[in-house]
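# Observations on chain architecture
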Amino acid sequence: MSVHPVVERAAAGELPPWAEATDERRQHMARVATLLAEWTRQLGLPVPEQVRWISLGYLHDALRDADAEGLRRRVPPPLAGLPPSLLHGPAAAEHLRIDGVDDGALLRAVAFHTLGHADMGREGRALYAADFLEPGRTSLRDDWREELRIRMPGAIDEVVREILGARIQHLVDVGRPIRPETVGFWNSMASEG
Ligand SMILES: [Fe+2]
Ligand SMILES: [Fe+2]
């Protein structure tokens, strides 16, 4: 599969013109991309795969700082009802699709990087992990994140399962609903174990 120029430029750190992301956000995106780049090298992936993975670091949050209601109008119906903070993934995927990107696995990785998805490919799982494990994200449980980072990229499925399990547990603890896409992601990961 040839890599679309928008994806190639993103992998070099050049965001599409429709991106709306603060400087702080761009730093997060660059750190996610750096982590993904390291993993592709450790996995010995061919160059076009490296480009796809690295581009995800930049593309996944390209619209993270755009107005949520504006994004809602750009998201196709099944996902337009998402909470405001989750619209940026599907909206970015839709922009990429309109730009001519027809790499289904890449579009799915961008669209579902927060929710997860039953059909998430390896690049989407890697993005899901890198988004959580990038070293600039200072949060509780830094020791746990460090431990997971050390196990990457060899134990990608186990690591994703731990992150996803913790997120689902958190939703249960605070009494929030769990989206069907997230349940589907869990079921697909669990059944592979
Ligand atoms: Fe995001
Ligand atoms: Fe992110």
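The structure reproduced in this document is the subject of the present report.

Cut-off values and rules
Residues numbered from 1 in each chain as written. Chains lettered and ligands numbered in written order. Predicted model: local features only at pLDDT ≥ 70, side-chain atom pairs only at ≥ 80, totals over all residues. Helix = DSSP H or I, 4+ residues; strand = E, 2+ residues; numbered from the N terminus. Rg over C-alpha atoms; globule rule 2.2 N^0.38 Å. Buried ≥ 20, exposed ≤ 12 C-beta atoms within 10 Å, placed from the backbone. Axes fitted to C-alpha atoms, helices over the stretch in contact; angles between N-to-C directions. Parallel < 35°, antiparallel > 145°, perpendicular 65-115°, else oblique. Left-handed = near helix turned anticlockwise from the far one by under 90°. Contact = placed C-beta atoms within 7 Å. Core = buried A, V, L, I, M, F, W, Y, C linked by C-beta atoms within 7 Å.

### Some words on the overall build of the chain
- For the chain, the count of helices and strands is 11 helices and 0 strands.
- In summary, the chain has a C-alpha radius of gyration of 16 Å against a globular reference of 16 Å for 193 residues, a match within 12%.
- Principal axes of the C-alpha set define a box for the chain whose edges measure 40 × 35 × 30 Å.
- Relative to its full complement of 193 residues, the chain shows a buried share of 37%.

### Section: the packing of helix α2 (residues 23–43) against helix α3 (residues 47–59)
- Contact geometry for α2 and α3: axes closest at 7 Å, N-to-C directions at 160°. If you check the angle between α2 and α3, you find them roughly antiparallel. For the pair α2 and α3, the sense of crossing is right-handed. Residues Met 29, Val 32, Ala 33, Leu 36, Ala 37 and Thr 40 of α2 form the contact with α3, whose own contacting residues are Glu 49, Gln 50, Trp 53, Ile 54, Leu 56, Gly 57 and Tyr 58.

### Here we look at helix α7 (residues 104–111)
- Among all positions of α7, only Leu 106, Ala 109, Val 110 and Ala 111 are buried.
- Where α7 is buried, its residues meet α1 (5–11), α3, α6 (88–98) and α8 (122–133).

### A look at the environment of Gly 89
- Counting through the fold element by element, Gly 89 comes out in helix α6.
- With 27 C-beta atoms counted inside 10 Å, the residue Gly 89 sits in the buried group.
- Here Gly 89 is in contact with His 60, Val 110, Ala 111, Phe 112, His 113 and Thr 114, once residues within four sequence places are set aside.

### Description of the nonpolar core
- Membership of the largest hydrophobic core comes to 48 residues, with the highest contact counts inside it found for Leu 36, Leu 56, Leu 59, Ala 92, Val 110, Ala 129 and Ala 130.
- Counting only elements with at least two residues in this core, the list comes to α1, α2, α3, α6, α7, α8 and α10 (156–173).
- The element contributing the most residues to this core is α8, with 7 residues.
- Excluding residues that lie within four positions of it along the chain, Ala 129 makes contacts with Met 152, Ile 156, Val 159, Val 160 and Ile 163.

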